[in-house]
Amino acid sequence: MARAGLTADRLVAAAAELADEVGFENVTLSALARRFGVKDASLYSHVRNLQDLRTRLALFAGGELVDRIAAAVAGRAGKEALAAFAGAYREYALERPGRYAATQIRIDQALVAGSPALRRTAEVTYGMLRAYGLDEPDLTDAVRLLRSTFHGYCALESAGGFGAPRDVQASWDRAIDALHVALEHWPREKKSDD
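About the thresholds
- Residues numbered from 1 in each chain as written.
- Predicted model: local features only at pLDDT ≥ 70, side-chain atom pairs only at ≥ 80, totals over all residues.
- Heavy atoms only, no water.
- Helix = DSSP H or I, 4+ residues; strand = E, 2+ residues; numbered from the N terminus.
- Contact = heavy atoms within 4.5 Å.
- Phe/Tyr/Trp six-rings, centres within 6.5 Å; stacked < 30°, edge-to-face > 60°.
- Buried < 20%, exposed > 50% of the residue type's maximum accessible area, 1.4 Å probe, protein only.
- Lys NZ or Arg CZ within 6 Å of the ring centre and 35° of its normal.
- Salt bridge = Lys/Arg side-chain N within 4 Å of Asp/Glu carboxyl O.
- 1 Å grid on protein atoms, 1.4 Å probe; cavity = no way out; pocket = protein on both sides within 12 Å on 5 of 7 lines; lining within 4 Å.
- Points joined across faces, edges and corners; volume = space filled by probe spheres on them.
- Nonpolar A, V, L, I, M, F, W, Y, C, P; charged D, E, K, R; others polar.

Engineer: When you look at the environment of Arg68 in this model, what are you seeing that I'm missing?
Structural biologist: As for its placement among the helices and strands, Arg68 is situated in helix α3 (residues 50-73). With 46 residues separating them in the primary sequence, Arg68 and Gly114 have C-alpha atoms 21 Å apart. The residues contacting Arg68, other than those within four sequence positions of it, are Ala88, Glu91, Tyr92 and Glu95.

Engineer: It is not clear to me how the packing of aromatic side chains should be interpreted in this structure. Could you clarify?
Structural biologist: Describing an aromatic ring pair means giving the distance of the ring centres and the angle of the ring planes. A complete count under the given rule lists six aromatic pairs for this structure. Residues Tyr89 and Phe150 carry aromatic rings whose centres are separated by 5.4 Å and whose planes lie at 50 degrees to one another, so their mutual orientation is tilted. Of the two residues, Tyr89 is situated in helix α4 (residues 78-95) and Phe150 in helix α8 (residues 138-158); the sequence distance between them amounts to 61 residues. For the pair Tyr89 and Phe150, a shared accessibility class is recorded, and that class is buried. Judged by centre distance (5.8 Å) and plane angle (45 degrees), the ring pair of Phe150 and Trp172 falls under tilted. Highlighted residues: Phe150 in helix α8 and Trp172 in helix α9 (residues 168-184), separated in sequence by 22 residues. The exposure class of Trp172 is buried, given its relative accessible area of 4%. One aromatic cluster is present, built from ring pairs that chain together Phe85, Tyr89, Tyr100, Phe150, Tyr153, Phe162 and Trp172. Against the face of Phe24 rests Arg54, its NZ or CZ located 5.3 Å from the ring centre.

Engineer: Hey, could you run me through the pattern of salt bridges in this one?
Structural biologist: It is possible for side chains bearing opposite charge to pair when their charged atoms get close. Under the definition given, this model contains 13 salt bridges. A salt bridge links Asp20 to Arg96, with the shortest nitrogen-to-oxygen separation between them at 3.5 Å. Of this pair, Asp20 sits in helix α1 (residues 8-22) while Arg96 is found in the loop between α4 and α5 (97-102), placing the two residues 76 residues apart along the sequence. When the shortest N-O distance is used, the salt bridge between Glu21 and Arg35 registers 2.4 Å. Of this pair, Glu21 sits in helix α1 while Arg35 is found in helix α2 (residues 29-36), placing the two residues 14 residues apart along the sequence.

Engineer: Whenever I open this one, the layout of surface pockets confuses me. Can you help?
Structural biologist: Rolled over the atoms, a probe with the dimensions of a water molecule shows which regions are left empty. As a volume, the largest pocket reaches approximately 1,000 Å³. If you go around the largest pocket, you meet 29 residues; those closest to its centre are Thr103, Leu118, Thr121, Val143 and Arg147. Elements with a contribution of two residues or more to the lining of the largest pocket: α3, α4, α6 (109-113), α7 (116-130) and α8. Among the elements that take part in the lining of the largest pocket, α8 stands out by supplying eight residues, more than any other. For the lining of the largest pocket, the class distribution of residues is 16 nonpolar, nine polar and four charged. Empty space within the second largest pocket amounts to approximately 160 Å³. Among the elements that take part in the lining of the second largest pocket, α3 stands out by supplying five residues, more than any other. Here the lining of the second largest pocket is built from residues that sort into three nonpolar, three polar and five charged.

Engineer: Sorry, what's going on with the environment of Glu95 here?
Structural biologist: Locating Glu95 in the fold gives a position in helix α4. The exposure class assigned to Glu95 is partly exposed, which follows from its relative accessible area of 48%. Sequence-wise, Glu95 and Ser158 are 63 residues apart; in three dimensions their C-alpha atoms are separated by 9.7 Å.

Purely geometric numbers; function is a separate question.
Structure below.
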């Protein structure tokens, strides 16, 4: 019997809402079952376990995030694309904190390869960085720099970690300026035959 109209997609959407309300780490099968007014066991025909639910939530949230970023960077290049990318990332992280936290979990590489949303994330990110003339392995290094900068800034901002009187937006804008300069003057890795 399909009580409460349960489907995997409905469970993931509800888990996303729950994550934003109570925090990603507090999303449990029991909490989700209570939301639908069913017993925990009712969920197991739609998700294997809590890890499966959290992975599905990460993929769902990753899709939402990349959709925002792709819309923001469309038709832009260089610093303008970087600022749009960063702005969309930050807005999502601050507006959807539980979903954003889900995007930070490590996902099995086999699932990453099979996820259209995560492939699109790589396409959008690497496409934006190619405008700076970067190739591998510099692309991977630049992605790691951007991700760690954006994530660190958003984590500190959402926790109220910036206590100085300087406007947080002004500091963000300066950080984007600095990242743009770093990307324009990226120290290229020397090839072994150079």
